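The chain contents come next:
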Amino acid sequence: MSQVFHRSTNTLSRVSIFGGIFILGFLVWAWAELNASNYATRAKVPVNQPVPFSHEHHVGGLGIDCRYCHTSVENSSFAGIPPTKTCMNCHSQIWVNAPMLEPVRQSFRTDQSLHWIRVHDLPDYVYFNHSIHVAKGIGCTTCHGAIDRMPLTWQEASLQMSWCLDCHRHPEEYVRPRSEVFSVAYQPPPNHVEIGRNLVKEYHIQSLTSCSTCHR
Amino acid sequence: MKPRNSSTASLRVRYPKLRIRISIALLLACASLACRRDMQDQPKYIPLRGSDFFADGRSARPIPEGTVARGELRADKVFFTGKSGDQFVDQVPFPVTRQVLERGEERFNIYCTPCHGRLGNGLGMIVRRGFKRPPSYHTDRLRQKPIGYFYDIMTNGFGAMQDYSAQVAPRDRWAIAAYIRVLQYSQMASINDVPPDVRQELNSELSTRSAEPKR
């Protein structure tokens with residue numbers, strides 16, 4: 001009786017056994033990539049707001065400091081979103097007839113809050129605190145990217161746990177002098193890791209990786 | 001034991017692995033149901049999160065009238081109003097150290113320079129874009145104003161300028177007022193006010209530095 005399968009099928013079956021492992025590996029890899037993708041983390045997607053507020057204009061163009069609007073970022077966990085009155089400090093005289101700004105004026109007249117859409121939203125089981133990061137020399141742009149070039153705000157980082165931990169394990173790679181924390185123009189110098197090591201000592205930066213730091 | 005229903009039995013004959021398949025399907029359904037977001041979005045208030053309980057939709061409640069928060073008793077009239085009786089005071093109600101002045105400089109550069117400019121000459125960026133031009137601080141009229149007057153303007157606003165009481169804490173307002181005095185002196189200073197040993201340094205620095213910030 002002749003063989004049902006030709007000998008060459010032996011190789012084929014061996015390859016398909018290996019192939020199966022690779023296909024499995026590929027699926028796992030694809031799943032991990034998908035989870036870390038901008039689609040899943042909502043990073044780099046500009047968010048449409050009721051008023052098309054532009055950091056590009058206000059920060060990049062006019063040079064207004066973050067703290068003019070985000071007043072509580074230095075001493076609170078929450079950075080603060082400016083109340084309508086802060087906009088009216090200037091827009092009581094500037095662009096007073098622009099239809100784009102009507103929701104702002106209406107909010108000011110009626111004392112109803114403007115409903116900004118959150119751009120960043122950590123899960124509620126994570127504790128985050130701005131004041132400690134600012135005080136220890138982590139700049140806004142390290143986490144929020146080039147905000148002075150965002151016509152509409154987007155989330156720059158993935159905000160996944162691995163992202164937080166990467167910096168908590170190696171703060172020397174990200175820390176900058178305190179005087180530069182609010183600067184949007186700061187570029188890390190070539191020897192920034194060396195400087196970083198000194199700053200870590202000077203600011204007494206600890207490497208906080210215990211779970212209860214962020215899950216409390 | 002009850003006899004098995006005949007239709008189930010025939011199903012089992014036709015699909016021998018039916019049970020396993022159903023349990024896998026059930027497991028998958030449970031797994032996808034487990035993707036609820038209860039832990040991500042817990043029913044608690046975080047800053048600025050809305051509320052459907054209160055009519056105005058805010059979770060942060062306005063403080064009832066007459067409430068005195070901790071540290072907000074405001075018994076110290078001079079410190080909180082800049083006035084003693086009806087008169088503006090002409091002294092900062094706490095010692096002005098170098099630290100206070102540096103704090104004042106920093107706060108001035110955040111909150112006031114957009115309109116008043118780094119030098120206080122009233123040529124800030126917002127003015128160049130069409131805001132009413134504020135008077136320069138370097139006029140005799142403003143030089144002669146007591147320091148409490150500047151505190152009062154930040155607290156209550158002045159004409160086209162809104163108040164800054166929500167953005168700048170009282171102690172920082174005093175620090176800014178003190179720094180405005182520094183600015184005023186700086187524009188009046190002559191080279192003779194500079195100690196001889198730093199004059200040389202000043203000359204070389206002035207030629208390389210401009211008053212506007214680097215960006």
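Since the structure is predicted, the reported quantities are computational estimates derived from the model, not experimental observations.

Contacts between the two partners involve 29 residues from chain A, matched on the other side by 27 residues from chain B. With both chains or domains summed, chain A and chain B bury close to 2,600 Å², and 52% of this area falls on carbon and sulfur atoms. For the chain A face of the interface with chain B, the top three residues by lost area are Tyr68, Gln93 and Asp124 of chain A, together amounting to 25%. Along the contact surface separating chain A from chain B lie five salt bridges. A salt bridge links Arg67 of chain A to Glu106 of chain B; the nearest nitrogen and oxygen atoms lie 3.8 Å apart. For the pair chain A and chain B, the interface holds 13 residue pairs in polar contact (both at pLDDT 80 or more). When contributions to the side of chain A that touches chain B are tallied by element, the ones reaching two or more residues are α3 (55-61), α4 (66-69) and α5 (84-91) of chain A. In terms of residues, the side of chain A that touches chain B owes the most to one element, α5 of chain A, which gives five residues.

Time to look at the packing of aromatic side chains. Applying the stated criterion across every chain yields a total of 13 aromatic pairs over all chains. Consider the rings of Tyr68 of chain A and Tyr111 of chain B, whose centres lie 6.0 Å apart with planes at 35 degrees: the pair is tilted. Highlighted residues: Tyr68 of chain A in helix α4 and Tyr111 of chain B in helix α4 (residues 98-111), drawn from two different chains. For Tyr68 of chain A, a relative accessible area of 4% gives the class buried. Exposure remark for Tyr111 of chain B: the relative accessible area of 4% places this residue in the buried category. By way of ring pairs, the aromatic residues Phe88, Phe108, Tyr137, Tyr149, Phe150 and Tyr179 of chain B are connected into one cluster. The ring centre of Tyr149 of chain B lies 4.7 Å from the NZ or CZ of Lys145 of chain B, which sits over that ring.

Further remarks concern helix α6 (residues 102-110) of chain A. Helical geometry: 3.6 residues make up each α-helical turn, so side chains three or four residues apart lie on a common side. Residues and elements named next belong to chain A. Taken together, the buried positions of α6 are Val104, Arg105 and Ser107. Buried residues of α6, seen end-on, are gathered within an arc of 160 degrees and therefore sit on one face of the element. Contact partners of the buried residues in α6: α5.

Residues and elements named next belong to chain A. Every buried residue of helix α10 (residues 192-202) is accounted for by Gly196, Leu199 and Val200. Each buried residue of α10 lies within a common arc of 105 degrees when the element is viewed along its axis, so the set occupies one face. Residues of α10 that are exposed and point more than 90 degrees away from the buried face comprise Glu194, Lys201 and Glu202. Among the residues trailing α10, His204 stands out with phi positive, at a value near 50 degrees.

About the thresholds
- All residue numbers refer to position in the chain's written sequence, counted from 1.
- As a convention, the first chain written is A and the first ligand written is 1, with the rest following in written order.
- Per-residue local features are limited, in this predicted model, to residues with pLDDT of at least 70; the limit for side-chain atom pairs, both in listing and counting, is 80 or more; totals at the level of whole chains, interfaces and linings are taken over all residues.
- Only heavy atoms go into the side-chain values, all of them from the structure, while hydrogens and water stay out.
- Contacts between residues were defined by any pair of non-hydrogen atoms, one from each residue, lying within 4.5 Å.
- The quantity reported as buried area is the accessible area (1.4 Å probe) lost by two parts once they are put together, taken as the sum for both.
- By definition here, a salt bridge exists when the distance from a side-chain nitrogen of Lys or Arg to a carboxyl oxygen of Asp or Glu is within 4 Å.
- A 3.5 Å cut-off defines polar contacts: any pair of N or O atoms within that distance qualifies, except that in protein one atom must be a possible hydrogen donor and the other a possible acceptor, and neighbouring residues in sequence count only when both atoms are side-chain atoms.
- Per the convention used, a helix needs a DSSP run of H or I reaching at least four residues, while a strand needs a run of E reaching at least two, with both numbered from the N terminus.
- Pairing of aromatic rings covers Phe, Tyr and the six-membered ring of Trp, with a centre-to-centre limit of 6.5 Å; geometry is then stacked below 30 degrees between planes, edge-to-face above 60, and tilted otherwise.
- Classification of residues uses two cut-offs on accessible area relative to the type maximum, computed with a 1.4 Å probe and protein chains only: under 20% is buried, over 50% is exposed, and between them is partly exposed.
- Put simply, a charge is over a ring when the Lys NZ or the Arg CZ is close to the ring centre, within 6 Å, and near the line of the ring normal, within 35 degrees.
- For this quantity, the arc is that covered by the directions from the helix axis to the C-beta atoms.

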